Amino acid sequence: MAALSAACLAGAALPAATTRPAQAQDAAPDLASLRQEALSLVNEARRDNGLGPLTTTGPLSRAAQAHADDMLKRGYYSHESPDGRNVADRFQAEGGSQWKLTAENIAQCEGCRDLSRERVRQFQQGWMNSPDHRANILRAGLTEFGFGIAGRDGKILAVQTFAGPGEPRGTSREASAPAISAEAAAAAALAAINQARREAGAPPLEASDALDTVAQRLLEGDTKHGIIRQPANLLDLLPAGERQQWRRLDVLAAACGGCGTRRTKADVTGFAEQWLNDSGYRQRLLAPGTTHLGFFLVADGDGRKRAAAVAGRREE
């Protein structure tokens, strides 16, 4: 009898399960047809669980097929290749975004020779019967799908790959995190940092529209290779009439990937906690001479979120 096993992103092997007896080798498989069957099955499962459909993309499909071929050629079975590459590495090598959430399911069948739609359905059933694999298939925040399959000498390897912007922090299947405005985000950042200042015995900061503007301008433009712009003179980002009003400005910046596409309060408090847990950033945020705070957060659409805070000391 043929033996079927599978592994999800964590790489844990499942108990063997039996399938139908091995058949004679089919003709060269129609990969496009098998990939469409795999997509249909995944989207059927997602639809039955109240989730939106995925679409097949070139980077994920190429990454999945390359991994199936590589495992078969080099004789290993793992999410990590012998040279240490994982699903995110393979996705990015094919042109995928480094900021998207990625996931992968793999499976193998020993004593199997038929690369067919029926075989794809058996792999899908096995994945859906495993909690970890099922979780990948039914994960919120995914929008893209890829599938690869390869067989030789009675062994078949199949790979599902997934990507998407992810979900905001503080989100679960039971509770979604509502989007908030830029103004509400700035207020939440100020509240979180002032709470830390109170605990440290430092006077509270005041909100500043001018510093909010600086934070927003730092996040504008081409920042593909960094979190914020690097202006020659930070004071030039202040609104007209404000440039002589500030003695000192300190900038803090951070980014996260796979964090969804909407701005939430959990994002803001997450960035604030990240800064406060860094000794250098914490010192700047809690400095007694600092008087005002500006904040801005942007969601770039592919799962990357970037935040900038500007701590300032206003002229007396």
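Colleague: So what exactly am I meant to see when it comes to the state of the cysteines here?
Modeller: Two cysteines joined by a covalent bond between their sulfur atoms form a disulfide. Taken as a whole and judged by the stated rule, the model has two disulfides. Two residues, cysteine 109 and cysteine 112, share a disulfide whose sulfurs are 1.8 Å apart. Residue cysteine 109 shares its accessibility class with cysteine 112, and that shared class is buried. Here cysteine 256 connects covalently by a disulfide to cysteine 259, the sulfurs 2.1 Å from one another. According to the relative accessible area criterion, cysteine 256 is buried, its value standing at 11%. Taken in N- to C-terminal order, the disulfide-linked cysteines of the protein chain are connected 1-2, 3-4.

Colleague: Honestly, unusual backbone geometry in this entry has me stumped. Any pointers?
Modeller: Negative phi characterises most residues that are not glycine, and trans characterises most peptide bonds. Phi at aspartate 153 takes a positive value of approximately 55°, unusual for a residue other than glycine. As for its placement among the helices and strands, aspartate 153 is situated in the loop between β5 (144-152) and β6 (155-164). According to the relative accessible area criterion, aspartate 153 is exposed, its value standing at 65%.

Colleague: Explanation requested: the confidence of the model for the protein chain in the structure shown.
Modeller: It should be kept in mind that the predicted coordinates are not to be read in detail where pLDDT is low. Looking at the protein chain as a whole, the pLDDT averages 88, with 88% of positions reaching at least 70. For residues 8-27, every residue scores under 50 in pLDDT, and the model assigns this stretch 54 contacts once sequence neighbours within four places are set aside.

Colleague: Help me understand the sheet that holds strand β9 (residues 292-299), please; the structure alone is not making it clear to me.
Modeller: Pairing between sheet strands relies on hydrogen bonds along the backbone, with the strands arranged either parallel or antiparallel. The strand order across the open sheet built from four strands is β7-β9-β10-β8, with neighbouring strands paired in mixed fashion. The sheet terminates laterally at β7 (206-207) and β8 (246-256), the two strands that pair on one side only. For β8 and strand β10 (residues 305-314), the ladder comprises ten bridges, and the chain directions are antiparallel. Across the sheet, the residue bridging to tryptophan 246 is arginine 314, located in β10. The sheet strands contacting helix α6 (residues 182-200) are β7 and β9, and the helix crosses β9 at an angle near 130°. Running over the sheet, helix α8 (residues 265-276) touches β8, β9 and β10 and is turned about 115° from β8.

Colleague: What is the right way to read the packing of aromatic side chains from this model?
Modeller: Geometrically, a pair of aromatic rings is defined through the distance of the ring centres and the angle of the planes. A complete count under the given rule lists four aromatic pairs for this structure. Feature note: the residues Phe271, Trp275 and Phe295 constitute an aromatic cluster, connected by ring pairs. Sitting above the plane of the phenylalanine 296 ring, arginine 263 keeps its charged end 5.8 Å from the centroid. Sitting over the ring of tryptophan 246, arginine 314 keeps its end group 4.9 Å from the ring centre.

Colleague: How should I be thinking about the nonpolar core in this particular structure?
Modeller: Note on soluble globular proteins: their nonpolar side chains tend to be buried together. Core analysis: the biggest nonpolar cluster contains 26 residues, and Phe123, Ile137, Phe145, Phe147, Ile149 and Phe162 have the highest contact counts within it. Mapped onto this core, the elements with two or more residues apiece are α1 (31-48), β4 (101-110), α4 (117-128), β5 and β6. Considering every element that reaches this core, the biggest residue donor is α1, with six residues. Counting 24 residues, the second-largest nonpolar core is a separate cluster that includes Ala188, Ala189, Ala254 and Cys259.

Colleague: Hey, could you run me through the pairing of β9 in this one?
Modeller: Strand residues, when the strand is regular, have side chains that alternate between the two faces of the sheet. Judged by how many residues are buried, β9 sits mostly within the fold: seven of eight residues are covered. In this structure, β7 lies alongside β9, joined through two bridges in parallel fashion. Looking at β9, one finds that glutamate 206 is bridged to histidine 292. Taken together, the eight bridges between β9 and β10 define a ladder with antiparallel strand orientation. Note that in β10 the partner of phenylalanine 295 across the bridge is alanine 309.

Procedures and definitions
- Residues numbered from 1 in each chain as written.
- Predicted model: local features only at pLDDT ≥ 70, side-chain atom pairs only at ≥ 80, totals over all residues.
- Heavy atoms only, no water.
- Disulfide = S-S within 2.5 Å.
- Buried < 20%, exposed > 50% of the residue type's maximum accessible area, 1.4 Å probe, protein only.
- Helix = DSSP H or I, 4+ residues; strand = E, 2+ residues; numbered from the N terminus.
- pLDDT = per-residue confidence, 0-100.
- Contact = heavy atoms within 4.5 Å.
- Pairing = 2+ DSSP bridges.
- Axes fitted to C-alpha atoms, helices over the stretch in contact; angles between N-to-C directions.
- Phe/Tyr/Trp six-rings, centres within 6.5 Å; stacked < 30°, edge-to-face > 60°.
- Lys NZ or Arg CZ within 6 Å of the ring centre and 35° of its normal.
- Core = buried A, V, L, I, M, F, W, Y, C linked by side-chain atoms within 4.5 Å.

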